[in-house]
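Listed here are the chains, written in short residue letters.
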Amino acid sequence: MNVLLLGSGGREHALAWKLAQSPALEKLWAAPGNPGIAEFAELADIAVSDHRSIIDFCLRHSINFVVIGPEAPLVAGLGDNLRTMGILVFGPNKAAAQLEGSKSFTKDLCARENIPTAAFAKAESRDGALAALDDFGIPVVIKADGLAAGKGVTVAMTREEAEEAILAIFSDAGASVVIEEFLEGEEASLFLLTDGTTILPFGSAQDHKRVGDGDVGPNTGGMGAYSPARVLTPELEARAIETIVRPTIEAMARMGAPYSGILYAGLMLTADGPKLIEYNARFGDPECQVLMLRLEEDLLELMAATAKGELAGRAAPHFSNDTALTVVMAARGYPGTPESGGAICGIAAAEVGGALVFQAGTRMEGDALIANGGRVLNVTASGKNVREAQAAAYQAVDAIDFPTGFFRRDIGWREVVREAP
Ligand code: AMP
Ligand code: GLY
C-alpha cells in the first residue's frame, strides 16, 4: 500500500514509526510532516487544510490510503472529499467528526441516548448564559462550543470566574457556550477502533494537562501521558463501552453518519460510574505515542480493516502488559508564546537505552535540529511498571540538551502512588 499520513506532531511521528513496521507498506508519504517523521516517510509540503492539493497529490502518487492525524481536517470534511475520489481513509467523515467538533452535538446525543455525562445547558447569548448559570452549583464548567483544541474550557471555582469565562466567550461574534455540571473523579482516556458497527477496545491512557509539576498552572495540549490507565479496570472499561461508546456508535449509524476511525473517549470515573467528558475524533497527542509503544499488532493492517468496514469477528488488538510513559519537552513560554529557534542536541544519546524520542514542533536548519512550536519532543519509554517506564523516560530526557526547553518532572506520579507497596 502507498500511504499518506497527514499531520506534523509527535502523534504523527509515532504513527509513522509504527506504520513503517508493516509488511503491507510499500511507501509512506507524510504531509506536512516534521524532521522526525522524515526518517520513515517522504515529506510533501502540503498543508492539511489544502484539500485540493492533498487529493491531487494522492492521484499523482497512486496513494491507496490516507491516515488523517489531527482533528481540523476531519471536522472540515477531508474524509468525505477523499472518499468521494475513491481513496480509502482512516478517520471519520465530517458528520461523524461532529462528536469532537461540536460539544452541543455530543451533549444532545448523550441526552437522547441516556448516555451518562455531566448535566448541561446551552446558551447562544451572554444574557442567556448568565441566567443559565443559576441552575448550576460551584464549581461549574464553561466551554466554548466548536473546536477549541482543549483551550476553550474553564473549570470555574467561583461564580465570578464563571461569569468572566462567559463574557470572554461572547466577545467573539456568533459564539455559543455549553455550561456543565462539575464532575468529580479521576479522568482516564479510552480508545476504540470502530468501522461504524464493530467496536474494538484500543487501549487506555492518562495524560497531564496542566503545565506545571503537581498538576498546576494553565491547561496545555498535554505535558505527558502513560498507558495503560490502570484506574480504568476491565470492569469499568466494559461498563464505559456498554453505557457510553456503544450507544454513541449505534446512534451515529442510525442518523446516517456512521463513525469510522479511532474514537477517543475522555471519561470521568465518578462514584456513579464512568461519565463522558468529551469525545475526540482522533488519537490523543501525546496519548498516541504511549499506545503505539505498547501495540503488538500491524497498525496499517488494522487501520485499513477499519477503513474498509472489516472489523466484524476480529479480536481486540493486543497490547503489551508493559507500561509506556512519555514526557513532553516544550519550548519555554508554552502554552502562551513559546520561544522558537532553540537548538536541540542529544537525541541519539537519549535513545541508546531503548527510549524513543518522537518529534513534534521541530525543524532542520542546515544540520541542526531546532525548536519550532510549543510542544517540541516526546521522550517515550516503557518498563514493567510505571516506575520503570518513568525512570527510563527521564534518563532519556536527561540526555537531551535543549536549553530553551522545559518539562515536567512528575509525569505518572498518580500511577506511581497507586503502585507503591
Ligand atoms: P475538554 O476540552 O472537554 O476535554 O475539557 C478539558 C478538561 O476540563 C478536561 O480534561 C477536564 O479536566 C475538565 N473538564 C471538562 N468538563 C468537565 C466536567 N464536566 N467536570 C469536571 N471537569 C471537566
Ligand atoms: N492530550 C489531549 C488530546 O490530544 O486531546
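Reading the values: the criteria
- Residues numbered from 1 in each chain as written.
- Chains lettered and ligands numbered in written order.
- Predicted model: local features only at pLDDT ≥ 70, side-chain atom pairs only at ≥ 80, totals over all residues.
- Heavy atoms only, no water.
- Near = heavy atom within 4 Å.
- Polar contact = N/O pair within 3.5 Å; in protein donor to acceptor, adjacent residues only side chain to side chain.
- Areas by Shrake-Rupley, 256 points an atom, 1.4 Å probe, with all protein chains shown as cover.
- Helix = DSSP H or I, 4+ residues; strand = E, 2+ residues; numbered from the N terminus.
- Nonpolar A, V, L, I, M, F, W, Y, C, P; charged D, E, K, R; others polar.
- Buried < 20%, exposed > 50% of the residue type's maximum accessible area, 1.4 Å probe, protein only.
- Axes fitted to C-alpha atoms, helices over the stretch in contact; angles between N-to-C directions.
- Parallel < 35°, antiparallel > 145°, perpendicular 65-115°, else oblique.
- Contact = heavy atoms within 4.5 Å.
- Phe/Tyr/Trp six-rings, centres within 6.5 Å; stacked < 30°, edge-to-face > 60°.
- Pairing = 2+ DSSP bridges.

Draft legend 1. Expanded view of the site of ligand 1. Of all residues adjacent to ligand 1, which total 15 residues, the nearest are E180, E181, L183, E187 and E278. Measuring from an oxygen atom of ligand 1, one finds a side-chain N or O atom of E187 at 2.4 Å. Interatomic distance of 3.2 Å between a side-chain N/O atom of K209 and an oxygen atom of ligand 1. Protein chains bury 93% of the 470 Å² of accessible surface belonging to ligand 1 in isolation. Those elements giving two or more residues to the shell around ligand 1 turn out to be β7 (140-144), β9 (177-181) and β16 (273-280). By residue class, the composition of the shell around ligand 1 is 7 nonpolar, 1 polar and 7 charged.

Draft legend 2. Local environment of the site of ligand 2. Around ligand 2, the neighbouring residues are D207, G221, Y264, N280, R282, G284, D285, P286 and E287. Here an oxygen atom of ligand 2 and a backbone polar atom of D285 are 2.9 Å apart. Within the side chain of E287, a nitrogen or oxygen atom sits 2.9 Å from a nitrogen atom of ligand 2. Burial of ligand 2 by the protein chains amounts to 88% of its free accessible area of 200 Å². Residues belonging to the shell around ligand 2 are distributed by class as follows: 2 nonpolar, 3 polar and 4 charged.

Draft legend 3. Representation of the environment of G336. Relative to the helices and strands, G336 is located in the loop between β17 (323-331) and β18 (343-344). Residue class for G336 comes out exposed when judged on its relative accessible area of 56%. A C-alpha to C-alpha distance of 8.4 Å links G336 and G374, two positions 38 residues apart in sequence.

Draft legend 4. Molecular detail of the packing of helix α5 (residues 94-101) against helix α6 (residues 103-113). As a packed pair, α5 and α6 sit with axes 6 Å apart at the nearest point and diverge in direction by 95°. Considered as vectors, α5 and α6 are oriented roughly perpendicular to each other. Residue-level inspection shows A95, Q98, L99 and G101 of α5 in contact with α6, the latter providing K103, F105 and T106. Of the residues assigned to the contact of α5 with α6, the class counts are 3 nonpolar, 3 polar and 1 charged.

Draft legend 5. Seen up close, the packing of aromatic side chains. Applying the stated criterion across every chain yields a total of 7 aromatic pairs. Consider the rings of W29 and F57, whose centres lie 5.0 Å apart with planes at 85°: the pair is edge-to-face. Of the two residues, W29 is situated in strand β2 (residues 27-32) and F57 in helix α2 (residues 51-60); the sequence distance between them amounts to 28 residues. Across this residue pair, the class does not change: W29 and F57 are buried. Ring centres of F202 and F283 lie 6.0 Å apart, and the angle between their planes is 50°; on these two criteria the pair is classed as tilted. Taken together, the residues span a long stretch of sequence, with F202 in strand β11 (residues 199-207) and F283 in the loop between β16 and α10 (287-294) at a distance of 81 residues. Since its relative accessible area comes to 1%, F202 is described here as buried. The class for F283 is buried, based on a relative accessible area of 3%.

Draft legend 6. Molecular detail of the sheet that holds strand β20 (residues 362-365). Strand order across the open sheet formed by 3 strands is β18-β21-β20, with antiparallel pairing between neighbours. On the outer flanks of this sheet lie β18 and β20, each paired with one strand and no other. In the sheet, β18 pairs with strand β21 (residues 368-371) via 2 bridges, with the strands oriented antiparallel. Bridge pairing in β21 places I344 opposite L369.

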